[in-house]
Amino acid sequence: METVTTADYILYAFLGFIALLQVAIVVALWRQGGIIGELKGDVRGINRRLDELTGRVANLEQTVMTLVGEVGEIKGRLNLMLIHRHDQDTGQVILTPEEVTAAD
């Protein structure tokens, strides 16, 4: 029968330490995987919200451009209505066009 020496105890202790270290590494990797999975989900959610916001901003830009066109049209009509002169003989208001054609 073999006797157990001090070197054997040191070897067993070292092997036990390595086994516990491996278990700790596996647990750490498992936790990191869960955390990374949560972060991936958060990033996907943020990307989805950014895509929605980008779409909403594009819609707002289109709406603003439409409104700018409508306001420009209204402004043009108002300018036509507001450009006038008063005929002193009859007292009537005469709308004057913006561009006067050249007389022949």
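1. Some words on the overall build of the protein chain
And then number 1: Scanning the protein chain from terminus to terminus reveals one helix and two strands.
And then number 2: Seen in sequence order, the protein chain has helices and strands lined up from the N terminus as α-β-β.
And then number 3: Taken across its 104 residues, the protein chain has 1% of its residues classed as buried.

2. Overview of a nonpolar patch on the surface
And then number 1: A surface patch of nonpolar side chains, amounting to about 1100 Å² of accessible area, comprises Val-4, Tyr-9, Leu-11, Tyr-12, Phe-14, Leu-15, Phe-17, Leu-21, Ile-25 and Leu-29.
And then number 2: When you line up the elements, Ile-25 lands in helix α1 (residues 6-82).

3. Concerning the environment of Met-81
And then number 1: Within the secondary structure layout, Met-81 lies in helix α1.
And then number 2: Sequence-wise, Met-81 and Ile-94 are 13 residues apart; in three dimensions their C-alpha atoms are separated by 9.8 Å.

Parameters and conventions
- Residues numbered from 1 in each chain as written.
- Predicted model: local features only at pLDDT ≥ 70, side-chain atom pairs only at ≥ 80, totals over all residues.
- Heavy atoms only, no water.
- Helix = DSSP H or I, 4+ residues; strand = E, 2+ residues; numbered from the N terminus.
- Buried < 20%, exposed > 50% of the residue type's maximum accessible area, 1.4 Å probe, protein only.
- Patch = residues over 30% accessible without salt bridge, like charges linked within 9 Å, V, L, I, M, F, W, Y side chains within 5 Å.
- Areas by Shrake-Rupley, 256 points an atom, 1.4 Å probe, with all protein chains shown as cover.
- Salt bridge = Lys/Arg side-chain N within 4 Å of Asp/Glu carboxyl O.

Function cannot be inferred from these measures alone, as they are strictly geometric.
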